[in-house]
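In case you want the letters, here they are:
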Amino acid sequence: MTPPLPRNRNYRVLWSGMFLSELAGEVAYIAFPLLVLAHGGSATAVAGVAAVLAGARTLVSLPAGVLADRADRKRVMAATQGVRTVAMLSVAVSVLLGDCPLWQILLVAVVEGAAAGVFVPAENAALPQVVPEDVLPRALARNAARPFAALLIGPALAGFTFGLHEVLPFALNTSVLAVSFVALAVLHLPRRAAGPPAGGGAVTAAAPRPGGFGPLLRMRTVRATTAWIVGVNLAFHTLVVLVLVVSGEEHVAPGQMGLMMTCFGAGGLVGALIADRLHAAALSPGALVIGSTWVFAAVAVAMAYAPRGVPLGILLGVAATAMPVANTTVITCQLAAVPDGLRGRLSGLVALGSELAATAGPVTAGVLSAGTGDGSVRMLGAAGLLAVVAVGATLSPALRRLALPRPSGAPQPARS
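**Quick look at the overall build of the protein chain**
Helix and strand counts for the protein chain come out as 14 helices and zero strands. Listing each helix as α and each strand as β along the protein chain from the N terminus yields α-α-α-α-α-α-α-α-α-α-α-α-α-α. Per-residue burial for the protein chain yields a buried fraction of 50% across its 416 residues. Look at the contacts in the protein chain between residues 6 or more apart in sequence, and 86% of them connect residues 24 or more apart. If you sum the accessible surface of the protein chain, you get close to 17900 Å²; carbon and sulfur atoms cover 69% of it.

Here it is in structure tokens:
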């Protein structure tokens, strides 16, 4: 019998391993550009490092999903953290010796991005192995707090430690990844399920063909929820970039801009805390997802007319509060509908869509900025994108009929 989450050792180990992985990623995302700039690197070099980190994650998304389904997930997670530890240690040693060339930074950025990209599908697919299906909403709500906590802590740690000495953020990353590796080494993953998903999905777990994504793409729930994820991510990344661009153009103080992003992280943490309570209230999953999408659109409209600075950040935090509620609902429904043998591929497919949307968001923001110099009109453009996604979600039968796993012992619906 699986213990409750607070006493579930394997869940705690898995949660901690992923949090440390995300924290290391946030530190690296800031520390690499700081290192390049400190040694006379150009803006092009900084952009190149950021592009390599993101590009490597994107390229490995689908193969990483296949690997998570075909290999031992614990070994995949431990191996990737070990590789990242060694790669980051090489940077720390080079910086300490006074010579860390750009080619080495780019090479390590490739390793960091690719290894992190391989780690995520294995971790996502392993979660249902350590918690029962009916506890998944609660576990995912707690997991939703991780990236926002890492976002609040990581950049600040990177900037503070770099200010003390260039080697410190990389030494910190090496230590964090090493601790994650050790934690994952003692993780126990129960034997993977061979039956149909507990959530009543139509697909059986009978050996999907190696490397095949066809069974996933034939599932209405997966198609609809993945399209929703891509649409919301595209529109939201467009909005966040526009908020920063417009704030800069209107001479918002750097301190206030930082506070705006703090509001974003704080809102996400609040959303993660209330997501489980909303699920426990037996609210319709479809209503939570569709309602959250309309909240995004409405808040984006309000942001177009809000005073720049902290008020804009507060609204951004309100939108971020709804994000974990919708995301945990969508991911829970996906995992409940998909058998264990396809969950790694599911995570890889979703990661690919999310990364492509995150890349297209700034491009879309650039197109909107080129079209008009009015900041309010630009943000209304992003609000329009969110409204399109909300309308599509409202009209989607698959999203309206989303179902969470049924708690153990709950009465089954009557059959005609």
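Read on, since the account is not over.
**Digging into helix α11 (residues 310–337)**
Residues spaced three or four apart along an α-helix point in a common direction, a consequence of the helix completing one turn every 3.6 residues. Spanning 28 residues, α11 covers 41 Å between terminal C-alpha atoms, matching the ideal 40 Å at 1.5 Å per step. α11 sits mainly inside the fold: 21 of its 28 residues count as buried.

**Comments concerning the pattern of salt bridges**
As enumerated under the stated definition, the model contains eight salt bridges in all. When the shortest N-O distance is used, the salt bridge between R146 and E22 registers 3.8 Å. Highlighted residues: R146 in helix α5 (residues 136–164) and E22 in helix α1 (residues 9–38), separated in sequence by 124 residues. Between R345 and D69 there is a salt bridge, with its nearest N and O atoms 2.8 Å apart. Of this pair, R345 sits in helix α12 (residues 340–371) while D69 sits in helix α2 (residues 43–70); the two residues are 276 residues apart in sequence, bridging distant segments of the chain. Assigned by exposure class, R345 and D69 land together as buried. Residues participating in the shared-partner salt-bridge network are D69, R73, D340 and R345.

**Brief notes about the packing of aromatic side chains**
Under the definition given, this model contains four aromatic pairs. With centroids separated by 5.7 Å and ring planes inclined at 45°, the aromatic side chains of F32 and F170 adopt a geometry described as tilted. Here F32, found in helix α1, pairs with F170, found in helix α6 (residues 168–185); they are 138 residues apart in sequence, far enough to count as distant. Note on F170: relative accessible area 1%, which makes it buried. An angle of 70° between the planes, with centres 5.7 Å apart, marks the rings of F236 and F296 as edge-to-face. Residue F236 is found in helix α8 (residues 220–249), and its partner F296 is found in helix α10 (residues 285–305); the two are separated by 60 residues along the sequence. Overall, the relative accessible area of 1% leaves F296 in the buried class. An aromatic cluster of at least three residues, connected via ring pairs, comprises F236, F264 and F296.

**Points about the side chain of T161**
Relative to the helices and strands, T161 is located in helix α5. Polar contacts involving the side chain of T161 include one to the main-chain carbonyl oxygen of L157, which spans 2.6 Å. Other than its neighbours up to four places away in sequence, T161 contacts L168 and P169.

**Observations concerning helix α13 (residues 375–395)**
Taking 1.5 Å of rise per residue, the 21 residues of α13 would be expected to cover 30 Å, and the 31 Å separating its terminal C-alpha atoms lies within 8% of that figure. Of all the positions in α13, only G375, S376, R378, M379, A382, A383, L386, V389, A390 and A393 are classed as buried. Residues of α13 that are buried in the fold lie against α8, α10, α12 and α14 (397–400). The backbone nitrogen of S376 lies 2.9 Å from a side-chain oxygen of the residue at the head of α13, namely D374.

**Topic: the packing of α5 against α6**
At their nearest, the axes of α5 and α6 sit 7 Å apart, and the two run at 125° to each other. As the angle between them shows, α5 and α6 are arranged oblique. Residues L157, A158, T161, F162 and L164 of α5 form the contact with α6, whose own contacting residues are L168, P169 and L172. Looking at the contact of α5 with α6 residue by residue, the class counts come to seven nonpolar, one polar and no charged.

**Quick notes on the nonpolar core**
Residues M77, L127, W228 and F296 are the most contacted members of the largest nonpolar core, which totals 84 residues. If you tally residues by element for this core, the top one is α8, at twelve residues. When neighbours within four sequence positions are excluded, L127 is seen to be in contact with Y11, L14, L136, A139, L140 and N143. A24, M88, I105 and V167 belong to the second largest nonpolar core, which has 29 residues in total.

**Points about the confidence of the model for the protein chain**
Per-residue pLDDT for the protein chain has a mean of 82; in total, 89% of the residues score no lower than 70. Per-residue pLDDT, averaged within each element of the protein chain, yields its smallest value for helix α9 (residues 254–280) (77) and its largest for helix α3 (residues 73–97) (93). For residues 194–211, every residue scores under 50 in pLDDT, and the model assigns this stretch 30 contacts once sequence neighbours within four places are set aside. Across residues 408–416, confidence stays below pLDDT 50; counting only partners more than four residues off in sequence or on other chains, it has four contacts.

**Regarding a nonpolar patch on the surface**
On the surface, a nonpolar cluster with roughly 300 Å² of combined accessible area is contributed by L89, V93 and L97. For L89, a relative accessible area of 43% gives the class partly exposed.

**Regarding the environment of I105**
Of note, I105 is situated in helix α4 (residues 102–130). Residue class for I105 comes out buried when judged on its relative accessible area of 2%. Sequence-wise, I105 and P33 are 72 residues apart; in three dimensions their C-alpha atoms are separated by 9.6 Å. In this structure I105 touches F32, L35, V36, V49 and C100, once residues within four positions along its chain are discounted.

Scoring rules and cut-offs
- Each chain has its residues counted from 1, running along the sequence as written.
- Given that this is a predicted model, residues contribute local features only at a pLDDT of at least 70 and side-chain atom pairs are listed and counted only at 80 or more, while totals for whole chains, interfaces and linings are drawn from all residues.
- Where side-chain values are given, they derive from all heavy atoms of the structure, hydrogens and water being excluded.
- Runs of E in the DSSP output that reach at least two residues are strands. Runs of H or I that reach at least four are helices, and both are numbered from the N terminus.
- The buried label applies to any residue whose accessible area, calculated with a 1.4 Å probe on protein chains only, is under 20% of its type's maximum; exposed applies above 50%, and partly exposed to all values in between.
- The criterion used for residue contact is that any of the two residues' heavy atoms lie within 4.5 Å.
- Per-residue and other accessible areas were derived by the Shrake-Rupley procedure at a 1.4 Å probe size, with only the shown protein chains allowed to occlude residues.
- A helix is expected to span 1.5 Å for every residue after the first.
- Should a side-chain nitrogen of Lys or Arg be within 4 Å of a carboxyl oxygen of Asp or Glu, the pair is scored as a salt bridge.
- Put simply, two rings from Phe, Tyr or Trp (the six-membered ring, in Trp's case) pair if the centres are within 6.5 Å, and we call them stacked under 30 degrees between planes, edge-to-face over 60, tilted for the rest.
- Polar contact criterion, stated in full: a pair of N or O atoms within 3.5 Å, where within protein one must be able to donate a hydrogen and the other to accept it, and residues adjacent in sequence count only if both atoms are side-chain atoms.
- Axis definition: a line fit to C-alpha positions, over the contact stretch in the case of helices; interaxial angles, taken between N-to-C directions, run 0 to 180 degrees.
- Just so you know how the angles are binned, under 35 degrees is roughly parallel, over 145 roughly antiparallel, 65 to 115 roughly perpendicular, and the rest oblique.
- Only Asp, Glu, Lys and Arg are considered charged, only Ala, Val, Leu, Ile, Met, Phe, Trp, Tyr, Cys and Pro nonpolar, and every remaining residue, Gly among them, polar.
- Residues grouped as a nonpolar core are buried Ala, Val, Leu, Ile, Met, Phe, Trp, Tyr and Cys residues, joined through side-chain atoms within 4.5 Å.
- The pLDDT value tells you how sure the predictor is about a given residue, anywhere from 0 up to 100.
- Patches here are clusters of residues that have more than 30% relative accessible area and form no salt bridge, with a 9 Å joining cutoff for like charges and a 5 Å cutoff for nonpolar side chains (Val, Leu, Ile, Met, Phe, Trp, Tyr).

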